Amino acid sequence: MVTQITRGIKISVLTAFEGTYFKNHKIHYAFSYHITIENQGKDSVQLTTRHWEIYDSLNDLEIVDGEGVIGKKPVLKPGESHTYSSGCLLASPFGAMSGHFNMINFTSTRNFRVIVPTFKLSAPFALN
């Protein structure tokens with residue numbers, strides 16, 4: 001598990017290899033990731049958007065931007081957390097993801113960025 005705290009918001013990421021399958025006559029490697037967003041600060045905050053950089057050892061960098069996470073824009077009061085799961089497909093058994101969440105602080109009404117630490121994606125059978 002990797003973790004990072006930005007402005008009182010703790011991000012924890014746990015990954016898993018989910019298997020392989022063929023799509024468009026090519027093999028793909030499926031990975032899941034489970035993210036916990038914990039508000040360790042004093043103010044209520046809301047996640048508004050996400051930005052991902054997905055690195056595949058055989059492909060170019062893929063950038064993904066969007067509203068919320070899995071269709072939600074969670075509001076976190078101090079001490080609360082939100083956990084969600086998602087996934088990605090890679091053309092190789094190795095890769096990584098990093099990114100950030102854009103959030104708003106309800107007390108100051110200011111937007112701020114919370115860094116998601118880089119996390120590795122690797123199929124266990126491909127490791128030495």
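What counts and how
- Position numbers for residues count from 1 along each chain, tracking the sequence in the order it is written.
- Reporting in this predicted model follows two pLDDT cut-offs: at least 70 for local features of residues, and 80 or more for side-chain atom pairs to be given and counted; totals over whole chains, interfaces and linings ignore these cut-offs and use all residues.
- Side-chain metrics rest on all non-hydrogen atoms present in the structure, leaving aside hydrogens and water.
- Helix and strand definitions here come from DSSP, where helices need a minimum of 4 consecutive H or I residues and strands a minimum of 2 consecutive E residues; each element is numbered from the N-terminal end.
- Burial classification: accessible surface area is computed with a 1.4 Å probe over protein chains only, and a residue below 20% of its type maximum counts as buried, one above 50% as exposed, and the rest as partly exposed.
- Two residues form a contact once any of their heavy atoms are found within 4.5 Å.
- Each accessible area value is a Shrake-Rupley result obtained with a 1.4 Å probe; residue values ignore everything except the protein chains displayed when judging cover.
- All tallies of charge rest on Lys and Arg as positive and Asp and Glu as negative; His and the ends of each chain are not included.
- To locate a charge, the coordinates of NZ of Lys, CZ of Arg, CG of Asp or CD of Glu are taken.
- A carboxyl oxygen of Asp or Glu within 4 Å of a side-chain nitrogen of Lys or Arg is what we treat as a salt bridge.
- Residues enter patches when their relative accessible area tops 30% and they take part in no salt bridge; the joining distance is 9 Å for like charges and 5 Å for the nonpolar side chains Val, Leu, Ile, Met, Phe, Trp and Tyr.
- For two strands to be treated as a pair, DSSP must find no fewer than two bridges joining them.
- Axes here mean lines fitted to C-alpha atoms, for a helix over just the part in contact, with angles spanning 0 to 180 degrees between N-to-C directions.
- We define a nonpolar core as any set of buried Ala, Val, Leu, Ile, Met, Phe, Trp, Tyr and Cys residues linked to one another through side-chain atoms lying within 4.5 Å.

Novice: I keep staring at the overall build of the chain and nothing clicks. Help me out?
Specialist: In terms of helices and strands, the chain carries zero helices and nine strands. Reading the chain from its N terminus to its C terminus gives the helix and strand order β-β-β-β-β-β-β-β-β. Relative to its full complement of 128 residues, the chain shows a buried share of 39%. Considering only contacts in the chain between residues 6 or more positions apart, those separated by 24 or more positions represent 63%. Of the accessible surface of the chain, which amounts to about 7400 Å², a share of 50% is contributed by carbon and sulfur atoms. Here the chain carries 12 positive and 10 negative side-chain charges, and the mean point of each set is 5 Å from the other.

Novice: Would you take a moment to explain the environment of Ile 9 for this structure?
Specialist: If you trace the backbone, Ile 9 turns up in strand E2 (residues 9-23). Of the residues examined, Ile 9 reaches a relative accessible area of 1% and is grouped as buried. Apart from residues lying up to four places away in sequence, Ile 9 is in contact with Gln 4, Ile 37, Glu 38, Asn 39, Val 45, Met 103, Phe 112 and Val 114.

Novice: Explain the pattern of salt bridges here, please?
Specialist: For side chains bearing opposite charge, pairing can occur when the charged atoms are close. Taken as a whole and judged by the stated rule, the model has one salt bridge. Across the salt bridge formed by Glu 67 and Lys 73, the nearest N and O atoms sit 2.6 Å from each other. For Glu 67, a relative accessible area of 52% gives the class exposed.

Novice: Looking at this structure, I do not really get a nonpolar patch on the surface. What am I missing?
Specialist: There is a patch of nonpolar side chains on the surface, built from Tyr 55, Leu 61 and Ile 63 and spanning about 260 Å² of accessible area. Mapped onto the elements, Ile 63 comes out in strand E5 (residues 59-67).

Novice: What exactly am I supposed to notice about the sheet that holds strand E1 (residues 2-6) here?
Specialist: Note: strands within a sheet are paired through backbone hydrogen bonds, in either parallel or antiparallel orientation. Pairing is antiparallel across the open sheet formed by four strands, whose spatial order is E1-E2-E3-E7. Across the chains shown, the open sheet's two edge strands, defined by having one partner strand only, are E1 and strand E7 (81-90). Along the sheet, successive strands turn relative to each other by an average axial angle of 25°, direction set aside. Here E1 runs beside E2; their pairing, made up of five bridges, is antiparallel.

Novice: Just to check I follow, could you spell out the environment of Trp 52 for this structure?
Specialist: Within the secondary structure layout, Trp 52 lies in strand E4 (residues 45-56). Residue classification places Trp 52 among the buried positions, given a relative accessible area of 3%. When the C-alpha atoms of Trp 52 and Ser 98 are compared, they prove to be 5.8 Å apart, with 46 residues separating the residues in sequence. Sequence-distant contacts of Trp 52, defined by excluding residues within four places in its chain, comprise Tyr 33, Ile 35, Glu 62, Ile 63, Val 64, Tyr 84, Met 97, Ser 98, Gly 99, Phe 101, Val 116 and Phe 119.

Novice: Help me out: how do you make sense of the nonpolar core in this one?
Specialist: As a rule of thumb, soluble globular proteins bury nonpolar side chains together. Counting residues in hydrophobic clusters, the biggest one holds 25 residues, and the most contacted among them are Ile 11, Ile 35, Ile 37, Trp 52, Phe 101 and Met 103. Those elements that place two or more of their residues in this core are E2, strand E3 (26-39), E4, E7, strand E8 (94-105) and strand E9 (111-122).

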